[in-house]
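Per-entry structural report
Here is what each chain is made of, one letter per residue.
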Amino acid sequence: MTTRRPRRTRPLAAALGSGLLISVVAAASPAVAAPAPAVSCTSAKAGLAAKLKKDITAALANRKGTVAVGLYDRTTRTTCTLRSTSAYDSASVVKVTVLAALLWDAKKHGRYLTARETSLATAMITKSDNAATSTLWKQLGLTKIKGFLTAAGMTQTKPGANGYWGLTRITVNDEQKLLKLVTAKNTVLSDNSRAYILKLMGQVVSSQRWGTPYGVPSGVSVAVKNGWLQRATYGWRVHSVGAFKGRGHDYMITVLTHGNSTMNYGVATIQGVAKVIHRDLAAS
């Protein structure tokens, strides 16, 4: 049985899936212009922070658009950030948050996901299915979604209003917090929930495995979720979040971008950053 979705979700869903321009949604107010920030890195590994800062900066040197970057490697206690608190329209990256909220709520009620929820979650993450996302977003409702965000400490994330889940405002800081929760034991998500999220992010269809996995060394596991959306302002939003483990490292990368002329341009920007991060960590 197919549930008829509210009309208001359709323009966004179409744009998320096919890149159609949205002109019916009011644009978010642009931030006040400020001097371009610099990449900042710290590490317990000698020389690694300076190398990453130099290489990420070089990868972005001739790229247009506005890019935010987050890197955290548990093994070397390495962190890199760029525009970590700048807000971006989430597009489909928010689907990881939706799944985490669903699992968090189920845990609170002492239950497992139903067969229907499992089917919807699988489609939402592995194929970036918008209809499945709209169904789960509506089922959860803003109260539960905000409850999860509070529990997760994702204080900078603002859920999209009126069913527009793809217009949730996200930051690198909060996406990295989510990836940390998914990849290490904590009191918010059960071990089974974390394993399930990573499993689905590891089964994303091949056509959507671009972005942060680019240049990942062999023998390193990949969990990824991407998002892409075109709007009348700031052109294409193109984002990628990924978690990687193996060859002596346990790290997560978030790259958020907008102001891209095309989706492919945004993908290339993200992959330029990912490539040098993977390379520098592998060599450390």
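Placed above this text is the structure.
Heads up: these notes are all about the structure in this document. In this text, all values refer to a predicted model and were calculated from it rather than measured experimentally.

**Comments concerning the packing of helix H6 (residues 172-183) against helix H7 (residues 191-201)**
- At a closest axis distance of 8 Å, the pairing of H6 and H7 adopts a crossing angle of 110 degrees. Between H6 and H7, the angle is such that the two are roughly perpendicular. Within the contact between the two elements, H6 uses Leu179, Leu181, Val182 and Thr183 and H7 uses Arg194, Ile197, Leu198 and Met201.
- Of the residues that constitute the contact of H6 with H7, the class distribution is six nonpolar, one polar and one charged.

**Quick notes on the packing of aromatic side chains**
- Per the counting criterion, the structure on display carries three aromatic pairs.
- A cation sits over an aromatic face here: arginine 63 above tyrosine 265, 3.9 Å from the ring centre.
- Across from the ring centre of tyrosine 72, 4.3 Å away, lies the NZ or CZ of lysine 180, which sits over that ring.

**Some details on the sheet that holds strand E7 (residues 236-246)**
- Overall, antiparallel pairing links the six strands, which are arranged E1-E3-E2-E8-E7-E6 in an open sheet. One side of each edge strand has no neighbouring strand; the edge strands of this open sheet are strand E1 (40-42) and strand E6 (221-230). Taking the axes of each pair of neighbouring strands and ignoring which way they run, one obtains an average angle of 5 degrees across the sheet.
- Relative to E7, E6 is paired through ten bridges, and the arrangement is antiparallel. Bridge pairing in E7 places tryptophan 228 opposite valine 238.
- Docked against the sheet, helix H8 (residues 263-282) engages strand E2 (66-73), E6, E7 and strand E8 (249-260), running at close to 155 degrees with respect to E8.

**Section: the pairing of strand E3 (residues 78-82)**
- Side chains of E3 alternate between two faces, with Thr78, Cys80 and Leu82 buried and Thr79 and Thr81 left unburied.
- Bridge analysis of E1 against E3 gives three bridges, and the strand direction is antiparallel. Bridge pairing in E3 links cysteine 41 to cysteine 80.
- Relative to E3, E2 runs antiparallel, the two being bridged by five bridges. Paired with tyrosine 72 across the strands is threonine 79, a residue of E3.
- The loop that links E2 with its antiparallel partner E3 comprises four residues; one of these, arginine 77, has a positive phi angle of about 50 degrees.

**Some details on the nonpolar core**
- Core analysis: the biggest nonpolar cluster contains 77 residues, and Ile56, Leu99, Phe148, Leu189 and Ile197 have the highest contact counts within it.
- Ignoring anything within four residues of it in the chain, the contact list for leucine 189 reads Ala100, Trp104, Lys107, Phe148, Leu181, Val182, Arg194 and Ile197.

**Here's the deal with the state of the cysteines**
- Under the criterion given, the structure shown has one disulfide.
- Note that cysteine 41 is cross-linked by a disulfide to cysteine 80, the S-S spacing being 2.1 Å. Between cysteine 41 and cysteine 80 the sulfur-sulfur dihedral comes to about 115 degrees; the bridge is accordingly right-handed. Placement of the pair is cysteine 41 in strand E1 and cysteine 80 in strand E3, with a sequence separation of 39 residues. Each member of the pair cysteine 41 and cysteine 80 is classed as buried.

**Topic: the pattern of salt bridges**
- Scanning the entire structure with this criterion turns up eleven salt bridges.
- Between aspartate 55 and arginine 279 there is a salt bridge, and its shortest N-O distance comes to 3.2 Å. One end of the pair, aspartate 55, is in helix H2 (residues 48-60); the other, arginine 279, is in helix H8, and 224 residues separate them in sequence.
- Residue arginine 231 is joined to aspartate 89 by a salt bridge in which the shortest nitrogen-to-oxygen separation is 2.7 Å. Separated by 142 residues along the polypeptide, arginine 231 in the loop between E6 and E7 and aspartate 89 in strand E4 (residues 88-89) bring together distant segments of the chain.
- The exposure class assigned to arginine 231 is buried, which follows from its relative accessible area of 4%.
- Each of Lys51, Asp55, Arg279 and Asp280 takes part in a single network of salt bridges with overlapping partners.

**So, helix H4 (residues 115-126)**
- Taking 1.5 Å per residue as the helical rise, H4 with its twelve residues ought to reach 16 Å, and the 16 Å between its terminal C-alpha atoms agrees with that figure.
- Considered for burial, the residues of H4 that qualify are Glu117, Leu120, Ala121, Ala123, Met124, Ile125 and Thr126.
- Buried residues along H4 sit against helix H3 (94-108), helix H5 (130-152), H7 and E6.
- Serine 128 occupies a position one or two residues after H4 and carries a positive phi of about 55 degrees.

**Let's talk about H3**
- Relative to the 21 Å expected for 15 residues at 1.5 Å per residue, H3 spans 21 Å between its end C-alpha atoms, a close match to the ideal helical length.
- Taken across its 15 residues, H3 has 13 buried, putting it largely inside the fold.
- Following H3 by one or two positions, glycine 110 has its phi on the positive side, about 60 degrees.

Rules used in this analysis
Residues numbered from 1 in each chain as written. Predicted model: local features only at pLDDT ≥ 70, side-chain atom pairs only at ≥ 80, totals over all residues. Heavy atoms only, no water. Axes fitted to C-alpha atoms, helices over the stretch in contact; angles between N-to-C directions. Helix = DSSP H or I, 4+ residues; strand = E, 2+ residues; numbered from the N terminus. Parallel < 35°, antiparallel > 145°, perpendicular 65-115°, else oblique. Contact = heavy atoms within 4.5 Å. Nonpolar A, V, L, I, M, F, W, Y, C, P; charged D, E, K, R; others polar. Phe/Tyr/Trp six-rings, centres within 6.5 Å; stacked < 30°, edge-to-face > 60°. Lys NZ or Arg CZ within 6 Å of the ring centre and 35° of its normal. Pairing = 2+ DSSP bridges. Buried < 20%, exposed > 50% of the residue type's maximum accessible area, 1.4 Å probe, protein only. Core = buried A, V, L, I, M, F, W, Y, C linked by side-chain atoms within 4.5 Å. Disulfide = S-S within 2.5 Å. Salt bridge = Lys/Arg side-chain N within 4 Å of Asp/Glu carboxyl O. Expected span 1.5 Å × (residues − 1).

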